[in-house]
Each structure stands twice: as C-alpha cells, then as structure tokens.
Amino acid sequence: MNIGTTIIKSRRSVRAYTEVPIDEEIIKNALDCARLAPTAMNLQPWIFVVVQDTTRLREIAEMTDHGKFIADAQLCIAVFGEKDAKYYLEDCCAATQNIIIALQAYGVSSCWVAGDKKAYADDISELLQVPEKYTLVSLLPAGYPKEVTVPHKKILDDVVFYEEYSEKP
Ligand SMILES: Cc1cc2nc3c(=O)[nH]c(=O)nc-3n(C[C@H](O)[C@H](O)[C@H](O)COP(=O)(O)O)c2cc1C
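Residues numbered from 1 in each chain as written. Predicted model: local features only at pLDDT ≥ 70, side-chain atom pairs only at ≥ 80, totals over all residues.

## Describing the overall build of the chain
Looking only at helices and strands, one finds six helices and seven strands in the chain. For the chain, the α and β elements follow one another from N to C terminus as α-β-α-β-α-β-α-β-β-α-β-β-α. For 169 residues, the compact-globule estimate of 2.2 N^0.38 gives 15 Å, and the chain sits close to it at 17 Å. Dimensions of the chain, computed from the C-alpha atoms along their principal axes, are close to 50 × 40 × 30 Å. Put simply, the chain has 169 residues, and 30% of those count as buried. In the chain, of all internal contacts separated by at least 6 residues, the share reaching a separation of at least 24 is 78%. (Helix = DSSP H or I, 4+ residues; strand = E, 2+ residues; numbered from the N terminus. Rg over C-alpha atoms; globule rule 2.2 N^0.38 Å. Buried ≥ 20, exposed ≤ 12 C-beta atoms within 10 Å, placed from the backbone. Contact = placed C-beta atoms within 7 Å.)

## Some thoughts on the site of the ligand
Residues in contact with the ligand, as listed here, are Arg12, Ser13, Arg15, His66, Gly67, Cys111, Trp112, Val113, Ala114 and Pro151. For the shell around the ligand, the per-class residue count stands at five nonpolar, three polar and two charged. (Near = placed C-beta within 6 Å. Nonpolar A, V, L, I, M, F, W, Y, C, P; charged D, E, K, R; others polar.)

## Topic: the environment of Leu140
For Leu140, the position within the fold is in strand β6 (residues 134-143). You can call Leu140 buried: it has 26 C-beta atoms within 10 Å. Residues Leu140 and Thr5, 135 residues apart in the sequence, show an inter-C-alpha distance of 21 Å. If we ignore the near neighbours within four places in the chain, the residues touching Leu140 are Cys76, Ile77, Val79, Thr96, Ile99, Ile100, Ser110 and Trp112.

## With respect to the environment of Leu36
Locating Leu36 in the fold gives a position in the loop between α2 (24-35) and β2 (46-51). A residue is classified by how many C-beta atoms lie within 10 Å of it, and Leu36, with 13 of them, is partly exposed. Note: C-alpha distance between Leu36 and Asn98 (62 residues apart in sequence) is 8.4 Å.

## Some points on the nonpolar core
Core analysis: the biggest nonpolar cluster contains 36 residues, and Cys76, Ala78, Val79 and Ile99 have the highest contact counts within it. Broken down by secondary-structure element, the contributors of at least two residues to this core are β1 (14-17), α2, β2, α3 (54-63), β3 (75-82), α4 (88-105), α5 (121-127) and β6. Sort the elements by how many residues they give to this core and α4 lands first, with seven residues. In this structure, Ala78 is in contact with Val49, Val51, Ile124, Leu128, Leu136 and Leu139, ignoring residues within four places of it in sequence. (Core = buried A, V, L, I, M, F, W, Y, C linked by C-beta atoms within 7 Å.)

## Some remarks on α4
For α4, which comprises 18 residues, the first-to-last C-alpha distance of 26 Å matches the rise-based estimate of 26 Å (1.5 Å per residue) to within 8%. Taken together, the buried positions of α4 are occupied by Tyr88, Asp91, Cys92, Ala95, Thr96, Ile99, Ile100, Ala102, Leu103 and Gln104. The secondary structure elements touched by the buried residues of α4 are α1 (3-10), α2, β2, β3, β4 (109-110) and β6. Just downstream of α4 lies Gly107, where phi reads positive at about 80 degrees. (Expected span 1.5 Å × (residues − 1).)

## Here we look at the packing of α1 against α4
Closest axis-to-axis distance for the α1/α4 pair is 9 Å, and the angle between their directions is 105 degrees. Considered as vectors, α1 and α4 are oriented roughly perpendicular to each other. Note on element contacts: α4 touches α1 through Ile101, Gln104 and Ala105, opposite Ile7, Ile8 and Ser10. (Axes fitted to C-alpha atoms, helices over the stretch in contact; angles between N-to-C directions. Parallel < 35°, antiparallel > 145°, perpendicular 65-115°, else oblique.)

## Describing the environment of Trp46
Position of Trp46 relative to the elements: it lies in strand β2. Remark: the alpha-carbon pair of Trp46 and Ser10, spanning 36 residues in sequence, is separated by 27 Å. Those residues in contact with Trp46, other than ones at most four positions away along the chain, are Val79, Phe80, Gly81, Asp91, Cys92 and Ala95.

## Concerning unusual backbone geometry
Phi at Met41 is positive, roughly 55 degrees, even though this residue is not glycine. With 10 C-beta atoms counted inside 10 Å, the residue Met41 sits in the exposed group. The phi dihedral of Asn42 falls on the positive side, at around 55 degrees, and the residue is not glycine. Secondary-structure assignment places Asn42 in the loop between α2 and β2.

Right under this line is the structure:
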C-alpha cells in the first residue's frame, strides 16, 4: 500500500456535493500544490481564481454546457494560462490535476470541467475580470461527495507496451 497511489486511484469525478464547507487550509494547500506543478521552462504561466460566492458559482454554471453542477459546489477554482507561453495548456493541465489530487487527499471531490476550446471561456474570463493575456483552461468545482459514479476504465494490459508497440491478441 502506498498513500500517494492510493489517493490517485481513489479519485473519481464527482458532480454532486454536500453542503459541508471546505476548510480554507485545504483550499490553500491544494492551490499550493498547483503552484508546484511542473512547467515547461519553469514559466509557471498561470493564475488561479477561487470562486466561493454562490451567485457567481451559479453564473459560471449557467455559462457552461456540461458544468451545471458547479452551481451546487462549495467553490470553483478557475485555472487560467498565459496565452503567450507555448506550453500553457500542458502546464495548466498539470496544475489542474495537482489540485484535484490534493483535494482528494483530504476527501474533497472535484470534477474537471473543460475551459480550453470552449465557447464560454471568454465569458467566464470577463465575469471574473481576468486580463486578456490569460485564457481559461479548466474549472474545478469542489465539495465533499454526495454521489459518486464509477466509470469504466481500460485495463492496463490493453494500453501498455514495453519497448515497442505490438498488436494485442
Ligand atoms: C479535459 C477534460 C475536460 C472535462 N470536461 C468535463 C465537463 O465539461 N463536464 C463533466 O461533467 N466532466 C468533464 N470531465 C470529466 C470526465 O468526464 C471524467 O474525467 C471521465 O468521465 C472519467 O471519469 P473519472 O474522472 O471519474 O475517472 C473532463 C475531463 C477532462 C480531463
């Protein structure tokens, strides 16, 4: 048993949350884990906007297509990348996953809601008054889980190759 892999493997995307508030220390620690994610050339081309205001959560939820459940989250962390940084997307995805795993370590659930490539990305930037040089990469609603669904996952043998690719039987 390894604590790190156990936390990673226990994570599920959760879209229904209880009304139990999340301790500020947990939020801060998750953001600190985001800050420490790897980035190309160590540019750290990101900002993180924490939304806890219920009206704002509802507004964000309404703007999305597949993120209506954001309205009932305790908070939502919006991850923004600097457009001019060549690898901002990869960098911000690494930060996004760090946040999700850090929250999971406290038993707090999340669900990665798409931001990059979405038509609503600019509207959310505007709502949160984020300067033009940044673009929305992801939205991370969070809360203690009310309902957990278990999706199908491909088995390891079907997706892993050693040394070189070969057709699987
Ligand atoms: C880039 C990305 C975008 C996603 N966007 C959404 C989304 O808009 N709405 C949603 O409900 N889930 C979204 N998800 C979550 C996936 O649906 C989820 O990860 C997938 O179904 C596997 O389930 P699991 O996370 O529990 O393993 C997104 C995940 C990723 C990585």
